[in-house]
Structures are given as structure tokens and as C-alpha cells.
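Working through the structure, step by step
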Number of protein chains: 2
Amino acid sequence: MPRVLVIGAGGVGVITALSLWFKRESDVSLVVRSDYDKVSRHGYTIESCDYGQLEGWRPHNIYRTVEDAAAEANERGYDYVVVTTKNIIDGPADSRLPNIIRPVLEKNKKLHGSQLTTHILLVQNGIDIEKDILQEFPKDEYQYTVLSGIQLIGSTKIGTAHISQVSQDYLTCGAFDPQDTAAVQAANEFVKMYSNEGHNFVEFDPRVRYSRWKKLVYNAAINTSTALVGLDVPRCLEFGVDKKSTEVEVFRPAMEEIIAIAASEGITIEEKFITTFTEITRNKVFKPSMCVDRDKGQLMELEVILGNPIRIARKNGVPTPTLSVLYYLLVLVQARLKEQKGLLKFDEQTARLVNE
Amino acid sequence: MPRVLVIGAGGVGVITALSLWFKRESDVSLVVRSDYDKVSRHGYTIESCDYGQLEGWRPHNIYRTVEDAAAEANERGYDYVVVTTKNIIDGPADSRLPNIIRPVLEKNKKLHGSQLTTHILLVQNGIDIEKDILQEFPKDEYQYTVLSGIQLIGSTKIGTAHISQVSQDYLTCGAFDPQDTAAVQAANEFVKMYSNEGHNFVEFDPRVRYSRWKKLVYNAAINTSTALVGLDVPRCLEFGVDKKSTEVEVFRPAMEEIIAIAASEGITIEEKFITTFTEITRNKVFKPSMCVDRDKGQLMELEVILGNPIRIARKNGVPTPTLSVLYYLLVLVQARLKEQKGLLKFDEQTARLVNE
């Protein structure tokens, strides 16, 4: 059986581990940072719309850190590493993606050299998120593929070792590089060992970059705007001038700009999705992830959701008047969150950033 | 002696009343809403950089409301009505400018008909703020002029009946309509009776509309941006990408747009002020008024500072890509503040505004 290590034990990561465990086609390890002691003694309490009520559930193995998971790996290492943590490329060093997965890649290399291919599945938001990995781990030194997971799921950690999943798990999985046949094969294999008919919904994604740009139409325009104003999506729509200005003056222009940036990369996103994404949460009170992070004082996935698209637009000469204002204002909100967390220092006497 | 009624007893209003009282060329009445009982018994405690330490200070008359001030006016009525309250044209009805001053205008009319001209001095932010008055009080029924005051002052109410003034009072005063000779004369008279040499600094403003557009270059671009991100100005500048993006991507484009809107109205604001206003608070931690209001959960002067310029731009066909995003996002922040204050209701079940 393939051995899978799931990194990140929030609402998404635990249901990911549970889905694999339920299928019984893989050996599942989970990195459980803060809840380790409780999970180790009593397991998880899970209310899941996909799998029902579970008490004392555990995957095959749990570890406190990725380092522990690497150190205690048996002689087989890990075939799949599934990353479900937030992707904050401007955050502290230990939260950066290459640093998170490094222990497993090094261990696999040490155990098997080029005989074992590590399949790294990123179940994360944003565009160009695989590039940091390709840059930090040269292909002639490490044997790996990078897979993309885009997940729609309503699942939240509501207490220590306590998960509530309220909407069905919908996962699309594919290869970032569609020419990489090993990656395509690994993605198909993962779809098979993750799919639980009648419970979740999983499918192979033949066009990862298209799917990611499509999701960005929503995230770069709507998720970002809600984070700036601190309101859920229906309130944003209803509170506009004549109940229209948010859609007409902010959401739609921003979404048009994302579609134009995607087009400059040769990716065609159909215009109809602008209406789809505007309507999708009009009738249900829902706060997108960046707004939730801001409210909780956590760093937002700003750079992978909006910074990377803006940089592509710059490179390709695509004008982004709306997205730029959103981005450069959110850079300030992100800095405010960093200052609150002590990740940057500002000296009020000199009115300058303190370089550390 | 002219009789002056000052409306609004915050940091600005109290120092305004004090400055007039100090000169001893007018009879000064002040509307003191929430602090009335304490002021009536013990007077004000004031630490003023312009007038020193005062204990138990009172103007000639104090009133709890404008209605009381009108009812108890002697047979002379009021020559000047100085309004120092915030100007929230989208706020509750009793905070709207025409409703605030109506009792005095009606009283003066009843006492003297067209024999007494009421000079209404608006010491408030924004553009087109006089239009509501002109619309609500027909010139053939009411005898009045409308004067503009633009005040730079650091003065705050730091406790009940307790005012701290930390930076010198600088007031420019003129006629909204420079063709109105009665208004020009009244503005000059006010400058004279307000000016305390060696204490404050006051001058006649021959170009009110120019001065107001000039101040908007700062307020519509910088004050607004700080309110969206919840940071003082130096932090906004320092926290930008490479310490530059806030200035280059937000402040300057927004200021350019205000200058373009002013130009469409025949008002030329010199480009040099863009640099002046960017630098003016770079080295001193300072939160502009809209940011302070947002932090305190109070409504912001959004419509007179940014809504009115946007509407003028629409009318004149001036593109405002930056200001529009700022405005339509701040409309949502303002609505969030209104919901918090119970001024609007949102039904989470239907995800719709409740029409009342």
C-alpha cells in the first residue's frame, strides 16, 4: 500500500486523512501539531456530512512534527506528501512550503536515492505555488513530482481534536506539469485511493493551471475585497450603493482583470464564470478565507492569491487598476497583522520600520 | 457685539468658542450636548498650547441643544452660527446639517424677518457641503450667508468637560460664493473677531473652493486609504512593498485623480501639493480622522470627502479608477459601522438588507 503523509491537521487536513483511511488503499500518517497530546490519547471527535459521527478516530500514524514523521518513517519512506496548510510565502521561514516538506524529501532521498519518487500534493490556494519547490529542490538531486489539489469543502476545527464537516468534500487533483507522465499517473492513482463513492467526490484534473486561474477569478477579486472591508459576501453585495456598486465597481472589474492576466498566459477563462462567482454566495452568509484570517488576526494567503497574479500582469504588460489598489492596500493589512504577531517592528519615535 | 452660537463641543468646537471669548469682541454661546451637566456646574478644564491651562472656563452661555439655544436666544437672535460637528450626510436625520441649524434659522427669521442676516460658518471637511443648506433654505424665505472654515488644529476631548489642544489653531475663513459681498464682509468680520495675535493664526480665504479641493487632495486619497487599512500614515508608507508601493500605487494615483476632477470644475491645484501631502505626515505618527472614526466605530465623513468628488467626476466624465475602488470599498465599511450602530439591519436568513 502507498504510504501517505498528510501535513496540516485543520478542518481540511483531518478530513483528507479520514477519506484516505476510509478507502483502505493507503497507509495514512498525519502531522498533528497543537492537538497531538489529545489525539494521541483519545483520537478525534468528528461530525462529518460525508462519513457520519466518529469518536476516537485516528489515522494509522500520528506525529507531532514533520521532522518526527521523517525520523520515524519506516524503511519505505512516504510515497505521497499531502500539504493542507495555508500557503503564506511572506510569513515566517518555518511556515514556508519548501521548509515544511524538506524533512520528508531528505529522508526519502537518504533511504532510496532516485529509486523512490515522492509525490507532493499541494491542496492549497493560488497560482505559481509549485515554483518555490522546483526552485529549492533541483530535479537532478531529488526525485519528486508536484501535484495540484483544489478542494471545495466546508470543514472546520471547532475545538481541540474536534472537527465539524458541513459540506461535501469535492477534490480535483492533477499534475502541475501535464507533460510529466509520472505526475499524471500519480495524480490518477491518488484520485483512486481517495475516492469514496457515495461519500466524497473526487476527479482527475487534466488542466491544473486553468482550474487554478478559474478559482482565482473568485479568490483574487471577492476573497480579497471581503478581507479589506471585513464583511461576508452577501453583505458586500447588499451594502453597495443601490445594492449594485460592489458588483459593478469592484467584483466585476477585478474578475475581468484576472481573466485578462490568465489570457496573457494563454489560459482562456470563460466570461460566464464572472456571473457564476458573483451569484455563488449571494444568498448564503459566507466569509471567505482571507476575511476569516483577518478577523482572527492570522496572516492571509495574499501573495499566492493576489501577489503572484499581479506580478504576472506586470511581466506581461496587463493593466490591473482594480486589482492593484486591492493588492497594495492588502499589503498594508497584512503588515498590520504581522506587526500584531511581532513579525515586524515599527518605531513610533522615528516613524520607520525597524530592520532586524 | 455680534452674537455667535458654536454648535459642537468636541476638541474643535470648544477651542473655537474659547478663541472668540478670549478676543472679547463677541458674545459666545456653545451647544454642549453630552457634557452639559458637568460644564454647567464646573466649567471646562483645558490644556491649550494657544491659551495655556484653564480651569472652570465657560463661554458666555451654554445650552444642551440647538433647540434650547434658539428658544432662549434674546431678542437679538444670533449673528453667526458656527458648525463644528462632523458632516455625515448619509447618517441619521438629526445629524444632517440642515436639521442641525434649522432651529436657529427659524428663530432668527421669526425675530427679525429679513432684517437680520444669519452667517452660517461651516468648519467642516469636504466639497459641496453648502449645497444641502442652499437647497433646504430658499433664499427668498431665509436671510443668510454661508461661510467656509478650514481648520488645522490638534485638539481632542480627552474626558468629560476636558479638552487637550496640542497644536496651534490655524483657520482660514471665506465665502462659499465669492460674489456674495455680504458673505465676504461677514467672513472678514469673523476673521477679525477670532484672531488672537500670538495665540492662534487666522486668515481670510479669498478662494474657498480652491482651498477645499486642495485639502481634498489629502483627505480623499490619504485619509480614505488609512481608514481602509486601519493604520496611521507613516505605517502606510513604510509598510508598502519596498517602502514605495503605497505612495506610488495608491496615494499618488488617487491624488492625481482629485486634481483632475478639480480641473474639470475649473480649479487648478498645483501638482507640487502631491509631494507636499505625501511628505507632510511621513515622519510623525498620525491617524487621519476617517481612520480614527473607523477605529472608534463612528461613522466616517465619507460622502463629503469622497462621495461628492466621485459624483462630480461622473458628471464631468473624469475617470477615477483608484478613487472608485477606495470609495466603493469604504461604502461597505461605512455600512458595517451603520450596522454596528443599529442604523441598518441585515437578515442573515434571507441574506438581504431589511427595508424599514
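Every chain begins its residue count from 1, and numbering advances along the sequence as written. Throughout, the order in which chains and ligands are written sets their labels, letters from A for the former and numbers from 1 for the latter. The predicted origin of the model limits local features to residues at a pLDDT of at least 70 and limits the giving and counting of side-chain atom pairs to 80 or more, whereas totals for whole chains, interfaces and linings rest on all residues. For the side-chain quantities, the full set of heavy atoms in the structure was used; hydrogens and water were omitted.

**Brief notes about the domain arrangement of chain A**
Residue and element names in this part refer to chain A. What counts is decided by this rule: For the purposes of this description, domain bounds are those given by an automatic or database domain assignment. Should any heavy atoms of two residues lie within 4.5 Å, those residues are considered in contact. A simple way to read buried area is as the amount of 1.4 Å-probe accessible surface that goes missing from two parts once joined, with both sides added. By salt bridge we mean one thing: a side-chain nitrogen of Lys or Arg within 4 Å of a carboxyl oxygen of Asp or Glu. Each helix is a run of DSSP H or I of at least 4 residues and each strand a run of E of at least 2, with the numbering of both proceeding from the N terminus. We call Asp, Glu, Lys and Arg charged. Ala, Val, Leu, Ile, Met, Phe, Trp, Tyr, Cys and Pro are nonpolar, and the rest, Gly among them, are polar.
By the assigned domains, chain A splits into domain 1 (3–206) and domain 2 (210–340). Domain 1 and domain 2 are separated by 27 Å when their C-alpha centres are compared. With 21 residues of domain 1 at the contact, the number on the domain 2 side is 19 residues. Summing both sides of the interface, domain 1 and domain 2 together bury roughly 1700 Å²; the carbon and sulfur share of this comes to 53%. Together, Asp 90, Asn 125 and Ile 127 form the three largest contributors to the area buried by domain 1 at its contact with domain 2, with a combined 39%. Our count for the contact surface shared by domain 1 and domain 2 stands at 2 salt bridges. A per-element tally of the side of domain 1 that touches domain 2 places strand β8 (residues 144–159) first, with 5 residues. Classifying every residue of the side of domain 1 that touches domain 2 by side-chain character gives 9 nonpolar, 8 polar and 4 charged.

**Examining the environment of Val184(A)**
Residues and elements named next belong to chain A. Selection rule: Residue burial is assigned from relative accessible area. The probe radius is 1.4 Å, only protein chains are included, and a residue is buried under 20% of its type maximum, exposed over 50%, and partly exposed in between.
One can find Val 184 in helix α6 (residues 181–194). Note on Val 184: relative accessible area 23%, which makes it partly exposed. When sequence neighbours within four positions are dropped, the list of residues in contact with Val 184 reads Ala 175, Pro 178 and Phe 204.

**Here's the deal with helix α12 (residues 302–316) of chain B**
Residues and elements named next belong to chain B. Note the cut-off: Take the residue count of a helix, subtract one, and multiply by 1.5 Å to get its expected span.
Look at α12: 20 Å from first C-alpha to last across 15 residues, which is about the 21 Å you get at 1.5 Å a residue. Buried residues dominate α12, accounting for 11 of its 15 residues. Looking at the buried residues of α12, the elements they touch are α7 (208–229), α9 (245–264), α11 (289–296) and α13 (321–340). Gly 317 occupies a position one or two residues after α12 and carries a positive phi of about 70°.

**Quick look at the packing of helix α12 (residues 302–316) of chain A against helix α13 (residues 321–340) of chain A**
Residues and elements named next belong to chain A. Rule in force here: Axes here refer to lines fitted to C-alpha atoms; in helices the fit is confined to the stretch in contact. Angles between the N-to-C directions go from 0 to 180 degrees. Geometric relationships in this document are graded by angle, where less than 35 degrees denotes roughly parallel, more than 145 denotes roughly antiparallel, 65 to 115 denotes roughly perpendicular, and other angles denote oblique. The hand of a helix crossing depends on one turn: near helix anticlockwise from the far one by less than a right angle means left-handed, and clockwise means right-handed.
Taken N-terminus to C-terminus, the directions of α12 and α13 make an angle of 140°; their axes are 10 Å apart at the nearest point. The orientation of α12 with respect to α13, classified from their angle, is oblique. Helix-helix and strand crossings are classified by hand; for α12 and α13 the assignment is left-handed. Of the residues in α13, those touching α12 at Leu 302, Glu 303, Leu 306, Gly 307, Ile 310, Arg 311 and Arg 314 are Leu 323, Ser 324, Leu 326, Tyr 327, Tyr 328, Leu 330, Val 331 and Gln 334.

**Comments concerning the packing of aromatic side chains**
Residues and elements named next belong to chain A. Put simply, the test is: Think of it this way: a Phe, Tyr or Trp ring, Trp meaning its six-membered ring, pairs with another when their centres are within 6.5 Å, and the plane angle makes it stacked under 30 degrees, edge-to-face over 60, tilted otherwise.
Applying the stated rule across the entire model yields 22 aromatic pairs over all chains. Centre to centre, the rings of Trp 21 and Trp 57 are 5.6 Å apart; their planes meet at 80°, and the pair counts as edge-to-face. Here Trp 57 lies in strand β4 (residues 52–57) and Trp 21 lies in helix α1 (residues 11–23), a separation of 36 residues in the sequence. Assigned by exposure class, Trp 21 and Trp 57 land together as buried. Look at Tyr 44 and Trp 57: their rings are 6.2 Å apart centre to centre, the planes differ by 35°, and that puts the pair in the tilted class. Here Tyr 44, found in strand β3 (residues 44–48), pairs with Trp 57, found in strand β4; they are 13 residues apart in sequence, far enough to count as distant. The exposure class of Tyr 44 is buried, given its relative accessible area of 0%.

**Describing the relation of the copies chain B and chain A**
How we decide: Copies are brought into register by a least-squares superposition over C-alpha atoms of residues with pLDDT of at least 70 in both.
Expressed as a screw operation, the relation of chain B to chain A combines 0.0 Å of axial shift with a rotation of 180°, fitting to an RMSD of 0.1 Å. Such a turn and shift between the copies fits a two-fold axis. The residues that chain B uses at the interface reappear at the interface of chain A in 100% of cases, marking a shared surface.

**Thoughts on the side chain of His119(B)**
All names here are of chain B. For clarity, the threshold we go by: As used in this structure description, the phrase polar contact means that two N or O atoms lie within 3.5 Å; if the pair is within protein, one of them must be able to donate a hydrogen and the other to accept it, and residues adjacent in sequence are counted only when both atoms belong to side chains.
Residue placement: His 119 occurs in strand β7 (residues 118–123). Polar side-chain contacts of His 119 include one of 2.8 Å to the side chain of Thr 145. Once residues within four sequence positions are removed from consideration, His 119 is found in contact with Asp 79, Tyr 80, Val 81, Thr 145, Leu 147, Ala 182 and Ala 186.

**Some points on the UniProt feature "domain: Ketopantoate reductase N-terminal" (unreviewed entry) in chain A**
Stated formally: UniProt positions are given in the numbering used here, feature names are shortened, and annotations may be inferred rather than shown by experiment.
In the numbering used here, UniProt assigns the "domain: Ketopantoate reductase N-terminal" (unreviewed entry) feature to residues 4–177 of chain A. Here residues 4–177 of chain A is 28% helix and 36% strand, with 21 Å between the C-alpha atoms at its ends.

**Considerations on the environment of Lys338(B)**
Residues and elements named next belong to chain B. Along the chain, the position of Lys 338 falls in helix α13. For Lys 338, a relative accessible area of 15% translates into the label buried. Sequence separation between Lys 338 and Pro 92 is 246 residues; the distance between their C-alpha atoms is 9.6 Å. The residues contacting Lys 338, other than those within four sequence positions of it, are Asp 90, Leu 299, Leu 343 and Leu 344.

**Re the pairing of strand β2 (residues 27–31) of chain B**
Residue and element names in this part refer to chain B. Spelled out, the test is: Should DSSP find at least two bridges between two strands, the strands are taken to pair. The definition of a right-handed crossover adopted here requires that, viewed with the strands pointing away, the path from the first strand over the helix to the second runs clockwise.
Most of β2 is tucked away: 5 of the 5 residues are buried. Residues Asp 27, Ser 29 and Val 31 of β2 are buried on one face, and the alternating residues Val 28 and Leu 30, pointing to the opposite face, are buried as well. Bridging between strand β1 (residues 3–7) and β2 involves 5 bridges; their strand directions are parallel. Note that in β2 the partner of Leu 5 across the bridge is Ser 29. Of the crossover connections in this fold, the one passing from β1 over helix α1 (residues 11–23) to the parallel β2 is right-handed. Summarising the sheet, β2 and strand β5 (residues 61–63) pair through 3 bridges and their orientation is parallel. Directly across from Ser 29, in β5, lies its bridge partner Asn 61.

**Some points on the UniProt feature "domain: Ketopantoate reductase C-terminal" (unreviewed entry) in chain A**
UniProt records the feature "domain: Ketopantoate reductase C-terminal" (unreviewed entry) at residues 208–330 of chain A, using the numbering of this structure. With 73% helix and 0% strand, residues 208–330 of chain A has end C-alpha atoms that lie 27 Å from one another.

**Points about empty space enclosed by the protein**
All names here are of chain A. Threshold: Any residue with an atom within 4 Å of a point lines the site, the site being either a cavity, points on a 1 Å grid over the protein atoms alone where a 1.4 Å probe fits but cannot get out, or a pocket, an open set with protein on both sides within 12 Å along at least 5 of 7 lines. Grid points are joined across faces, edges and corners, and a volume is the space filled by probe spheres set on the points.
Tallied over the entire structure, the rule returns 4 cavities of 30 Å³ or more. The space that makes up the largest cavity amounts to roughly 50 Å³. Forming the walls of the largest cavity are Gln 124, Asn 125, Gly 126, Ile 150, Arg 212, Lys 215, Leu 216 and Asn 219. For the lining of the largest cavity, the leading source of residues is helix α7 (residues 208–229), giving 4 residues. Split into classes, the residues belonging to the lining of the largest cavity amount to 2 nonpolar, 4 polar and 2 charged. Of the domains in this structure, domain 1 (3–206) and domain 2 (210–340) are the two that each give at least three residues to the lining of the largest cavity.

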